[in-house]
Amino acid sequence: MKGVKTEVYEVIIIGGGPGGLTAGLYTSRARLSTLLIESALFGGQMTTTELIENYPGFPQGVTGDELSRLMEDQAKKFGMKTVTQEVVKVSLEGAVKVVQTYESAYRCEALIVSTGTEYRKLGVPGEKEFAGKGVSYCATCDGAFFRDSQIVVVGGGDSALTEALFLTKFARELTIIHRRDALRGTKIYQERALASPKIKFLWNSIVQEINGDSTVRSINVKNVKTGEIKEVETEGVFLFVGLVPRTQFLKGVVQMDEAGYILTNEDCETSTKGILAVGDCRKKLLRQIATAVGDGATAAFAAEKFLELKE
Ligand SMILES: Cc1cc2nc3c(=O)[nH]c(=O)nc-3n(C[C@H](O)[C@H](O)[C@H](O)COP(=O)(O)OP(=O)(O)OC[C@H]3O[C@@H](n4cnc5c(N)ncnc54)[C@H](O)[C@@H]3O)c2cc1C
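Here goes a summary of the coordinates provided. (Residues numbered from 1 in each chain as written. Predicted model: local features only at pLDDT ≥ 70, side-chain atom pairs only at ≥ 80, totals over all residues. Heavy atoms only, no water.)

**Thoughts on the overall build of the protein**
Quick note on the threshold: A helix here means a DSSP run of H or I that spans at least four residues, while a strand means a run of E at least two residues long, and both kinds are numbered starting from the N terminus. A 1.4 Å probe rolled over the protein chains alone gives each residue an accessible area, and that area as a share of the maximum for its type sets the label: buried under 20%, exposed over 50%, partly exposed in between. Every residue pair with non-hydrogen atoms within 4.5 Å of one another is taken to be in contact. For the purpose of charge, His is not counted, nor are the chain termini; Lys and Arg are scored as positive and Asp and Glu as negative. Where a charge sits is defined by one atom per residue type, namely NZ (Lys), CZ (Arg), CG (Asp) or CD (Glu).
Helices and strands together make up the secondary structure of the protein, namely six helices and 19 strands. Within the protein, the proportion of its 311 residues that are buried is 50%. Within the protein, contacts between residues separated by at least 24 positions form 59% of all contacts whose residues are at least 6 apart in sequence. Taken as two groups, the 38 positive and 39 negative side-chain charges of the protein have centres that lie 1 Å from each other.

**A short note on the layout of surface pockets**
If a probe as big as a water molecule is rolled over the atoms, it shows which places are left empty. Rules: The distinction between a cavity and a pocket rests on a 1 Å grid over the protein atoms alone: a 1.4 Å probe fits inside a cavity but cannot get out, while a pocket stays open yet meets protein on both sides within 12 Å along at least five of seven lines, and a residue with an atom within 4 Å of a point counts as lining. Grid points are joined across faces, edges and corners, and a volume is the space filled by probe spheres set on the points. Three categories are distinguished: nonpolar for Ala, Val, Leu, Ile, Met, Phe, Trp, Tyr, Cys and Pro, charged for Asp, Glu, Lys and Arg, and polar for the others, with Gly belonging to the last.
Its volume calculated, the second largest pocket comes out at about 180 Å³. Elements that contribute at least two residues to the lining of the second largest pocket include exactly strand S7 (96-101) and helix H6 (289-309). Taken together, the residues of the lining of the second largest pocket break down into four nonpolar, no polar and four charged.

**A few points about the pattern of salt bridges**
Proximity of charged atoms lets side chains of opposite charge pair with each other. Short version of the rule: For salt bridges, the criterion is a side-chain nitrogen of Lys or Arg within 4 Å of an Asp or Glu carboxyl oxygen.
Tallied over the full model, the rule gives 13 salt bridges. For the salt bridge of Glu 173 with Lys 200, the shortest nitrogen-to-oxygen distance reads 3.1 Å. Here Glu 173 is found in strand S12 (residues 173-177), whereas its partner Lys 200 is found in strand S13 (residues 199-202), with 27 residues between them in sequence. On the accessibility criterion, Glu 173 (27% relative accessible area) is partly exposed.

**Looking at the sheet that holds strand S11 (residues 150-154)**
This is how it is decided: Strand pairing is assigned whenever DSSP detects at least two bridges linking the two strands. Fitting a line to C-alpha atoms yields each axis, with helices limited to the stretch in contact; the angle taken between N-to-C directions then spans 0 to 180 degrees.
Taken together, the five strands give an open sheet; going across it, the order is S10-S17-S11-S12-S13, and neighbouring strands pair in parallel fashion. Looking at which strands have only one partner, the edges of the open sheet turn out to be strand S10 (135-136) and S13. Direction of pairing for S11 relative to strand S17 (residues 236-239): parallel, over a ladder of four bridges. When the sheet's bridge partners are listed, Val 154 is paired in S17 with Leu 239. Its contacts with the sheet put helix H4 (residues 158-167) on S11, S12, S13 and S17, and the angle it makes with S11 is roughly 165 degrees.

**A word on the site of the ligand**
What counts here: The criterion for a residue being near a molecule or strand is simple. One of its heavy atoms has to lie within 4 Å of it. We call two N or O atoms a polar contact when they sit within 3.5 Å, provided that within protein one can donate a hydrogen and the other can accept it, with sequence-adjacent residues counted only if both atoms are side-chain atoms. In this description, accessible areas are obtained by the Shrake-Rupley approach with a 1.4 Å probe, and a residue is regarded as covered only by the protein chains that are shown.
Looking at the ligand, there are 32 residues lining it, with Glu 38, Gln 45, Asn 54, Tyr 119 and Asp 280 nearest. The contact in question runs from a nitrogen atom of the ligand to an N or O atom on the side chain of Arg 246, over 3.5 Å. In the environment of the ligand, an oxygen atom lies 3.1 Å from a nitrogen or oxygen atom belonging to the side chain of Gln 288. For the ligand, whose unbound accessible area comes to 1000 Å², protein coverage reaches 94%. Elements that contribute at least two residues to the shell around the ligand include exactly helix H1 (18-29), strand S2 (34-38), strand S9 (117-119) and H6. For the shell around the ligand, the per-class residue count stands at ten nonpolar, 16 polar and six charged.

**Let's talk about unusual backbone geometry**
Across residues other than glycine, the phi torsion is negative in most instances, and most of the peptide bonds are trans. With a phi close to 65 degrees, Arg 31 is a non-glycine residue in the positive phi region. Relative to the assigned elements, Arg 31 resides in the loop between H1 and S2. Overall, Arg 31 belongs to the exposed group, its relative accessible area being 66%. Notably, Cys 268 is not glycine yet its phi reads approximately 70 degrees, a positive angle. Along the chain, Cys 268 turns up in the loop between strand S18 (243-245) and strand S19 (275-277).

**Observations regarding the state of the cysteines**
By definition, a disulfide links the sulfur atoms of two cysteines through a covalent bond. Inclusion rule: In what follows, a disulfide is any cysteine sulfur pair within 2.5 Å.
Inspection of the entire model under this criterion finds one disulfide. One disulfide bridge connects Cys 138 with Cys 141, the sulfur atoms lying 2.0 Å from each other. A torsion of 75 degrees about the S-S bond marks the disulfide between Cys 138 and Cys 141 as right-handed. By relative accessible area, Cys 138 is classed as buried at 10%. Between Cys 281, a free cysteine, and Cys 268, which holds the nearest cysteine sulfur, the sulfur-to-sulfur gap is 9.4 Å.

**Some thoughts on the side chain of Thr 168**
Of note, Thr 168 is situated in the loop between H4 and S12. Beyond its immediate chain neighbours, meaning those up to four positions away, Thr 168 contacts Leu 174, Ser 196, Lys 198 and Ile 199.

**Re the environment of Val 124**
Summarising the element assignment, Val 124 is placed in the loop between S9 and S10. On the accessibility criterion, Val 124 (15% relative accessible area) is buried. When the C-alpha positions of Val 124 and Glu 109 are compared, they lie 43 Å apart, and in sequence the two are 15 residues distant. Contact partners of Val 124, with chain neighbours within four places excluded, come to Val 207, Gln 208, Glu 209 and Ile 210.

**Quick word on the pairing of strand S8 (residues 105-113)**
By the criterion of burial, S8 is predominantly enclosed, with seven of the nine residues buried. Relative to S8, strand S1 (residues 4-14) runs parallel, the two being bridged by seven bridges. Note on S8: the bridge partner recorded for Ile 14 is Val 113. The pairing of S7 with S8 spans four bridges and is antiparallel. The partner of Val 98 across the bridge, within S8, is Arg 107.

Right, here's the structure in full:
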């Protein structure tokens, strides 16, 4: 194994979104030696959210970037260590958990997994070829490239609606393509999207192919009721068709459901002693910042109890 570190942390946290940062705040404040491993940006999915209106304490809303920065600063204040690496494997050496990245391997007594989810791919021809050339999964990251453009948003849930509403700031015209005849998202987002003069809808429709040359030019859309296929001109395709948990690296180590969400009890404990899971990567009713933060606090406390009682 490459670069194995000899130090055994009391707690390792994988993933620095709101769940992981809250767990880190609690464990480091409880004076447990804590390492947080994050592969990208601290804040997780919050960093790609323009405005957060439903996190308590911010009556005017707060930008995703600002809330990420505040949570990161607060977690680091109590001495939590961090590294920017991607975890590729977890294994057990008796009671010790070995967390392997591409560069190194770290060891701990209690492990908190908070790796969240990633966007589901549509899996149609053209999606891979035009990723970053008109195909996007992040409105906050790429919206500004589509100023005055004609674009489509695929999906009918909360992510599709909030991202579509954000994109109306830039786009000249925006069409939401949804495979059903009604939206699924929260009522307030549905009302805003349906009332927006810039947003049109293509119901009962699925994207079959994305076409273009150096960049996206059009998509082929099939009406699932009539079977009719038509070509729709567009300069950008924003895809929000669901999420998948980022738990592949834990296969065989803890129990998961068929979709890959980690199964836990209400204290965030998994089927393996000393491994806890928090936030969007675990099977739960509501995946939001407020619930990820609650999980993070619970798991940190459960980890502390586990460490106290393990002898
Ligand atoms: C477009 C959009 C808008 C949203 N708007 C809102 C909103 O307004 N209000 C609200 O409450 N919620 C909102 N949410 C949901 C909210 O962002 C999530 O519920 C929350 O971020 C989940 O937190 P988490 O810590 O579980 O995971 P995440 O925020 O997903 O963080 C997981 C972190 O783990 C890291 N990671 C993953 N795999 C690895 C690995 N193998 N090694 C190392 N690091 C890894 C990732 O890089 C990421 O930083 C929104 C989500 C999206 C996508």
